[in-house]
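Notes for the structure review
Next come the chains, spelled out residue by residue.
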Amino acid sequence: MGYWGKVIGGMAGFAMGGPFGAAIGAALGHAADSGMGTRLQFPFSSVTGSVAGQAKVAAMLGQKQQLFSIAVVALSAKLAKCDGPVSRAEIETFRHQFRIPDNNAREIGRLFDQARETADGYEAYATQLGEAFADNHATLELVLGSLFAIARADGAVNVKEQVFLAGVHRAFKLDRTAWDRASGTSPAKPADDEPDPYQILGVARSANGAELRAVWRKLMRENHPDALAARGVPPEFIEKASASVARINAAWDRIKRERSL
């Protein structure tokens, strides 16, 4: 069974009160005994029957892979819903961006359908995901970029989608440079029409060599596949980060050549 099958299968068992649900129940009991339960502001029955409840429990128990999966499904569904009926193009783009395998499409589709009943409440998912990956803005930027792709699936990004995406950006606590990279907007390209290496690294051309090297190292730490795996990022999504690593290294190599660093 692939990553999505394991995670979504587990969450489905939780929702139906199966073995996973029993494990969660035991964990909730432990949380209550240790005082954590006082921070839960929702009844257990509502937790087991909702996508939002599953995300809350996953966040509370520190299960980053489950939280990541639930949050990206919910955010994608609510984004597609925010400007009206969900289109087939938006659904297909969601499946492509998050590498949804055909054999798990039905289970994930159920979560997607439940989440898209309303566009309301997306901020909670974005906030929980932002907090869980606060030490890895590269992953959050990749998620935001995927959401932009979904928004563009059925045409230009409209006002309602812009408001939604801006809210996710704020909840993720990303900077303007991350927004520009995720949205595909950037300053004018150099005369040779190659991608601006400074834009890729998110630094000004006035930065000195030491500053540029520090930024490159930081981006490499955030995007390195091993580091992402250690933080609970799904293997399928780590593949997307590999392209970022190649782009970052290419930009750094070009700057080094231009500056003779």
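On a predicted model such as this, the values are computed, not experimentally measured, just so you know. (Residues numbered from 1 in each chain as written. Predicted model: local features only at pLDDT ≥ 70, side-chain atom pairs only at ≥ 80, totals over all residues. Heavy atoms only, no water.)

Helix and strand counts for the protein chain stand at 15 helices and 0 strands. Out of the 261 residues belonging to the protein chain, those deemed buried represent 46%. Looking at the protein chain alone, contacts between residues at least 24 apart form 71% of all its contacts between residues at least 6 apart. Surface summary for the protein chain: the accessible area is close to 12,600 Å², and the carbon and sulfur share equals 54%. (Helix = DSSP H or I, 4+ residues; strand = E, 2+ residues; numbered from the N terminus. Buried < 20%, exposed > 50% of the residue type's maximum accessible area, 1.4 Å probe, protein only. Contact = heavy atoms within 4.5 Å. Areas by Shrake-Rupley, 256 points an atom, 1.4 Å probe, with all protein chains shown as cover.)

Turning to unusual backbone geometry, a few remarks are in order. Backbone phi values are negative for most residues with the exception of glycine, while trans is the configuration of most peptide bonds. The phi angle at Lys173 is positive, at roughly 60°, despite the residue not being glycine. By the secondary structure assignment, Lys173 is in the loop between α10 (159-172) and α11 (176-183). The class for Lys173 is exposed, based on a relative accessible area of 67%.

Looking now at the packing of aromatic side chains. Overall, the coordinates contain 6 aromatic pairs when judged by the stated rule. A ring pair is formed by Phe68 and Phe133, whose centres lie 5.7 Å apart and whose planes are at 70°; its orientation type is edge-to-face. Here Phe68, found in helix α5 (residues 64-81), pairs with Phe133, found in the loop between α8 (122-132) and α9 (137-152); they are 65 residues apart in sequence, far enough to count as distant. Exposure class is identical for Phe68 and Phe133. Each is buried. Through a chain of ring-to-ring contacts, the aromatic side chains of Phe94, Phe98 and Phe112 assemble into a single cluster. (Phe/Tyr/Trp six-rings, centres within 6.5 Å; stacked < 30°, edge-to-face > 60°.)

Turning our attention to the nonpolar core. Of all hydrophobic cores here, the largest spans 44 residues; its most connected members are Leu75, Leu129, Val168 and Phe172. Mapped onto this core, the elements with two or more residues apiece are α5, α6 (88-97), α7 (105-115), α8, α9, α10 and α11. Counting residues in each nonpolar core, the second largest holds 14 residues, with Tyr198, Val203, Met220 and Val245 among its members. (Core = buried A, V, L, I, M, F, W, Y, C linked by side-chain atoms within 4.5 Å.)

For the protein chain, per-residue confidence averages 74 on the pLDDT scale, and 68% of positions sit at 70 or higher. Looking at the elements of the protein chain, mean pLDDT is at its lowest for helix α3 (residues 44-48), recorded as 36, and at its highest for α10, recorded as 95. (pLDDT = per-residue confidence, 0-100.)

Attention now moves to the side chain of Thr93. Tracing the chain through its elements places Thr93 in helix α6. Note on Thr93: relative accessible area 18%, which makes it buried. Setting aside its immediate chain neighbours within four residues, Thr93 contacts Ala149, Ile150 and Ala153.

Right, let's get into the side chain of Ser76. When you line up the elements, Ser76 lands in helix α5. Residue classification places Ser76 among the buried positions, given a relative accessible area of 1%. Here Val72 takes part through its backbone oxygen, which lies 2.6 Å from a polar atom of the side chain of Ser76. Residues in contact with Ser76, not counting those within four places in the same chain, are Phe94, Phe98, Phe112, Leu147 and Ile150. (Polar contact = N/O pair within 3.5 Å; in protein donor to acceptor, adjacent residues only side chain to side chain.)

A word on the packing of α5 against α7. Interaxial distance between α5 and α7 falls to 8 Å at its minimum, and their mutual angle equals 50°. Here α5 lies oblique to α7, going by the angle between them. When you trace α5 past α7, the crossing you get is right-handed. Residues Val73, Ala74, Ser76, Ala77 and Lys78 of α5 lie in contact with α7, whose contacting residues are Ile108, Leu111, Phe112 and Ala115. In terms of residue class, the contact of α5 with α7 is made up of 7 nonpolar, 1 polar and 1 charged. (Axes fitted to C-alpha atoms, helices over the stretch in contact; angles between N-to-C directions. Parallel < 35°, antiparallel > 145°, perpendicular 65-115°, else oblique. Left-handed = near helix turned anticlockwise from the far one by under 90°. Nonpolar A, V, L, I, M, F, W, Y, C, P; charged D, E, K, R; others polar.)

What follows deals with the pattern of salt bridges. Using the criterion set out here, one finds 7 salt bridges in the structure. Among the ionic pairs, Glu92 bridges to Arg88, the shortest N-O distance being 3.5 Å. Pair noted here: Glu92 and Arg88 are both in helix α6, with a separation of 4 residues, about one helical turn. Between Arg254 and Glu258 there is a salt bridge, with its nearest N and O atoms 3.1 Å apart. Separated by 4 residues within a single helix, Arg254 and Glu258 lie in helix α15 (residues 235-259), roughly one turn from each other. (Salt bridge = Lys/Arg side-chain N within 4 Å of Asp/Glu carboxyl O.)

Before going further, it helps to spend a moment on the packing of α5 against α9. Relative orientation and spacing of two packed helices are given, respectively, by the angle between their axes and the distance between those axes. Viewed as axis vectors pointing N to C, α5 and α9 meet at an angle of 30°, and their least axial separation amounts to 10 Å. When the axis of α5 is compared with that of α9, the two are roughly parallel. Every pair of crossing elements has a handedness; the one defined by α5 and α9 is right-handed. Of the residues in α9, those touching α5 at Phe68, Val72, Leu75, Ser76 and Leu79 are Thr139, Val143, Leu147, Ile150 and Ala151. Grouping the amino acids of the contact of α5 with α9 by side-chain chemistry returns 8 nonpolar, 2 polar and no charged.

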